[in-house]
Amino acid sequence: MTGPAPASGHGASPLALLTTQERAVYDVLARHAGTVVSRGAIASEAGMADLNVRRCDSLIVGIRRCVGADRIVTVRRRGWMMVDPGS
């Protein structure tokens, strides 16, 4: 497991605090912003297909802590969707 990337200074971007796996999941969600992405699709695109697909759940928690819970919407029984923070 990898820890968070070191932040540089007080004005560091919240994304700098994401672990390597969290950043991979964030990038998948960002590429598909506005579209629901399933657990399996996230695991596959983030290079974690060999891990338990439930690992995505815990990574989403870390991402929400860094970028805000309102940015990642859970769509029950389908997956997650990244939304514009102003929505």
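**A look at the environment of Gly-40**
Line of reasoning, step 1. Structurally, the position occupied by Gly-40 is in helix α2 (residues 39-45).
Line of reasoning, step 2. Between the C-alpha atoms of Gly-40 and Val-53, which are 13 residues apart in sequence, the distance is 6.1 Å.

**Topic: helix α3 (residues 55-67)**
Counting along an α-helix, one turn takes 3.6 residues, and residues three or four places apart therefore face a common direction.
Line of reasoning, step 1. A rise of 1.5 Å per residue sets the reference length of α3, with its 13 residues, at 18 Å; its end C-alpha atoms lie 19 Å apart and thus fit the reference within 8%.
Line of reasoning, step 2. Taken residue by residue, α3 has Cys-56, Leu-59, Ile-60, Gly-62, Ile-63, Cys-66 and Val-67 as its buried positions. All buried residues of α3 project into a common sector of 165° when viewed along the axis, lining one side.
Line of reasoning, step 3. The elements touched by buried residues of α3 are α1 (20-31), α2, β1 (72-75) and β2 (79-82).
Line of reasoning, step 4. Directly beyond the C-terminal end of α3, a positive phi value near 105° is found at Gly-68.

**What about the packing of α1 against α3?**
Line of reasoning, step 1. It is the contact of α1 with α3, at a shortest axis distance of 9 Å, that shows an interaxial angle of 85°. Between α1 and α3, the crossing angle belongs to the class labelled roughly perpendicular. When α1 is examined against α3, the residues Gln-21, Glu-22, Val-25, Tyr-26 and Leu-29 are found in contact with a partner set consisting of Arg-55, Leu-59, Ile-60, Gly-62, Ile-63 and Val-67.
Line of reasoning, step 2. Looking at the contact of α1 with α3 residue by residue, the class counts come to seven nonpolar, two polar and two charged.

What counts as what
Per chain, residues are indexed from 1 in the order of the written sequence. In keeping with the model being predicted, local features are shown solely for residues with a pLDDT of at least 70 and side-chain atom pairs are shown and tallied solely at 80 or more, while totals for entire chains, interfaces and linings include all residues. Hydrogens are left out, water is left out, and the side-chain values use all remaining heavy atoms of the structure. By the criteria applied, helices consist of DSSP H or I runs no shorter than four residues and strands consist of E runs no shorter than two, each listed in order from the N terminus. Every helix has an expected span of 1.5 Å times one less than the residues it contains. Buried means the residue's accessible area, taken with a 1.4 Å probe over protein chains only, is under 20% of the maximum for its type, while exposed means over 50%, and partly exposed covers the values in between. Here, the arc refers to the directions that run from the helix axis to the C-beta atoms. Working rule for contacts: check all heavy atoms of both residues, and any pair within 4.5 Å makes them a contact. Here, axes are lines fitted to C-alpha atoms. For helices the fit covers the stretch in contact, and angles between N-to-C directions go from 0 to 180 degrees. When describing relative orientation, an angle under 35 degrees is termed roughly parallel and one over 145 degrees roughly antiparallel, while 65 to 115 degrees is termed roughly perpendicular and anything else oblique. Just so you know the grouping, Ala, Val, Leu, Ile, Met, Phe, Trp, Tyr, Cys and Pro go in nonpolar, Asp, Glu, Lys and Arg go in charged, and all remaining residues, Gly too, go in polar.

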